[in-house]
Amino acid sequence: MSATRKILMLHGFAQNGDIFSKRVGALRKAMGEGTELVFINGPIILHHVDLGGGPSDLSSNSLDAAEAIAASSDPALTPRAWWRVNPERTRAQGLEESLVALRDVLQRDRFDGVFGFSQGAAMAALLAALLEKPHVYEPFLVDGKAPHPRFQFCVAVSGFRVSDPISDKIIGDSYETPTLHVIGKTDVIVVEERSKGLLNVSANARVEVHDGGHFVPSQVKWRAFWREYLRDPSKDVPSPSLMSKSQTN
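Residues numbered from 1 in each chain as written. Predicted model: local features only at pLDDT ≥ 70, side-chain atom pairs only at ≥ 80, totals over all residues. Heavy atoms only, no water.

> Explain the overall build of the protein here, please?
Along its length, the protein carries 8 helices and 10 strands. Long-range pairs, those at least 24 residues apart, make up 78% of the contacts in the protein between residues at least 6 apart in sequence. (Helix = DSSP H or I, 4+ residues; strand = E, 2+ residues; numbered from the N terminus. Contact = heavy atoms within 4.5 Å.)

> For this particular structure, what's the right way to read the pairing of strand E7 (residues 113-117)?
Regular strands show a simple pattern: their side chains alternate between the two faces of the sheet. Of all the 5 residues making up E7, 5 are buried; the element is thus mostly covered by neighbouring parts of the structure. Of the two faces of E7, the one lined by Gly113, Phe115 and Phe117 and the one lined by Val114 and Gly116 are each fully buried. Of the pairings in the sheet, the one linking strand E1 (residues 5-10) to E7 comprises 4 bridges and is parallel in character. Looking at E7, one finds that Leu10 is bridged to Gly116. In terms of strand pairing, E7 meets strand E8 (residues 153-157) through 5 bridges, oriented parallel. Across the sheet, the residue bridging to Gly116 is Ala156, located in E8. In this fold, the crossover linking E7 to E8 by way of helix H5 (residues 119-132) has right-handed handedness. (Buried < 20%, exposed > 50% of the residue type's maximum accessible area, 1.4 Å probe, protein only. Pairing = 2+ DSSP bridges. Right-handed = clockwise from strand over helix to strand, strands pointing away.)

> For this particular structure, what's the right way to read the pattern of salt bridges?
Should the charged atoms of two oppositely charged side chains come close, the side chains can pair. Within the structure shown, the criterion is met by 11 salt bridges. With a shortest N-O distance of 2.8 Å, Lys6 and Asp109 are connected by a salt bridge. Residue Lys6 is found in strand E1, and its partner Asp109 is found in the loop between helix H4 (95-108) and E7; the two are separated by 103 residues along the sequence. What makes Lys6 partly exposed here is its relative accessible area of 21%. On the basis of relative accessibility, which here comes to 26%, the residue Asp109 falls in the partly exposed class. Notably, a salt bridge pairs Arg206 with Glu208, separated by 2.9 Å at the nearest N-O pair. A relative accessible area of 8% places Glu208 in the buried class. In this structure, a network of salt bridges that share partners links the residues Arg227, Glu228 and Arg231. (Salt bridge = Lys/Arg side-chain N within 4 Å of Asp/Glu carboxyl O.)

> Mind showing me how you'd approach helix H8 (residues 220-231) here?
Each α-helix winds once per 3.6 residues, and so residues spaced three or four apart point in a common direction. An ideal rise of 1.5 Å per residue puts 16 Å on 12 residues; H8 measures up with 17 Å between its terminal C-alpha atoms. As for H8, its buried residues are in contact with E1, helix H2 (25-31), E7, E8, strand E9 (179-184) and strand E10 (205-210). (Expected span 1.5 Å × (residues − 1).)

> I'm lost on the sheet that holds E8 in this one. Help?
The pairing of strands in a sheet happens through backbone hydrogen bonds and is either parallel or antiparallel. Strands sit in the order E2-E1-E7-E8-E9-E10 across an open sheet of 6 strands; the sheet is parallel. Two strands lie at the open edges of the sheet, namely strand E2 (35-40) and E10, each paired on one side alone. Between one strand and the next, the sheet's axes are offset by a mean angle of 20°, whatever the strand orientation. Along the sheet, H5 makes contact with E1, E7 and E8, crossing E7 at roughly 150°. Of the strands in this sheet, E8, E9 and E10 touch helix H7 (residues 192-199), which is tilted by about 175° from E9. (Axes fitted to C-alpha atoms, helices over the stretch in contact; angles between N-to-C directions.)

> Can you help me understand the environment of Thr78 in this one?
With respect to the element layout, Thr78 can be found in the loop between helix H3 (63-71) and strand E4 (80-81). Separated by 62 residues in the primary sequence, Thr78 and Asn16 have C-alpha atoms spaced 6.9 Å apart.

> Would you mind going over the side chain of His181 with me for this structure?
Looking at the secondary structure, you find His181 in strand E9. Relative accessible area serves as the criterion here: at 4%, His181 is assigned to the buried category. Ignoring any residue separated from it by four or fewer positions in sequence, one finds His181 in contact with Ala156, Tyr175, Leu198, Leu199, Ser202, Ala205, Arg206, Val207 and Glu208.

> Please clarify how the packing of H4 against H5 should be interpreted in this entry.
To describe two helices that pack against each other, one gives the angle between their axes and the distance between the axes. At a minimum axis distance of 12 Å, the contact between H4 and H5 shows a crossing angle of 65°. Seen along the crossing, H4 lies across H5 with a hand that is right-handed. For the pair formed by H4 and H5, the contact residues are Leu95, Ser98, Leu99, Leu102 and Leu106 on the first element and Met123, Leu126, Leu127, Leu130 and Leu131 on the second. Partitioning the contact of H4 with H5 into residue classes produces 9 nonpolar, 1 polar and no charged. (Left-handed = near helix turned anticlockwise from the far one by under 90°. Nonpolar A, V, L, I, M, F, W, Y, C, P; charged D, E, K, R; others polar.)

What follows is the structure in structure tokens.
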């Protein structure tokens, strides 16, 4: 029996691991046996002031934030993030804390790849880049070494590049981890131009576009695509737009 593939799942702003898991329930069910999606929480707990539609984050006006405000009394639905954005939008406040938290997760377990949505996609790409050159950020090291091998792949759905000096130092001109960038044609939270900021520093990029907005696509063809791609990203998996009906069964 082949070993189970593990994929680290990073949620978006104002979500958490449980919320993200439910949002991608169709994807989880499509994976079947042999692939485990591991959902974790960002360490930054958000409060009403962070979710009120101000400049704290590009997705603060999203449905995720509205849902989080309504559900914030339920600990299982506590809205979280990987950082807050400063008013000038030049720093990711709390990024250091998140990188240390992710270091500890990676030290405890092994993952084949990382999959992120929105702010989580930005963090996924940053984490993939950091594992390529861990010594550029010393707090990430464990006994002078990386806490985890390089990821085999990264998936960034509605991703963007983190605006912060630490991120700039880590990514530099580019990063090499093979990355699937998924862009929504009608995404008004992370518009295509913003996603291109991350795409432009992704040296081994694949791009897929879906017709919807700010979400992980999960229509029948996309479920088939996710199943095949996440099982083996090195394969030449057909684009969801090109998949035949027989390939979706």
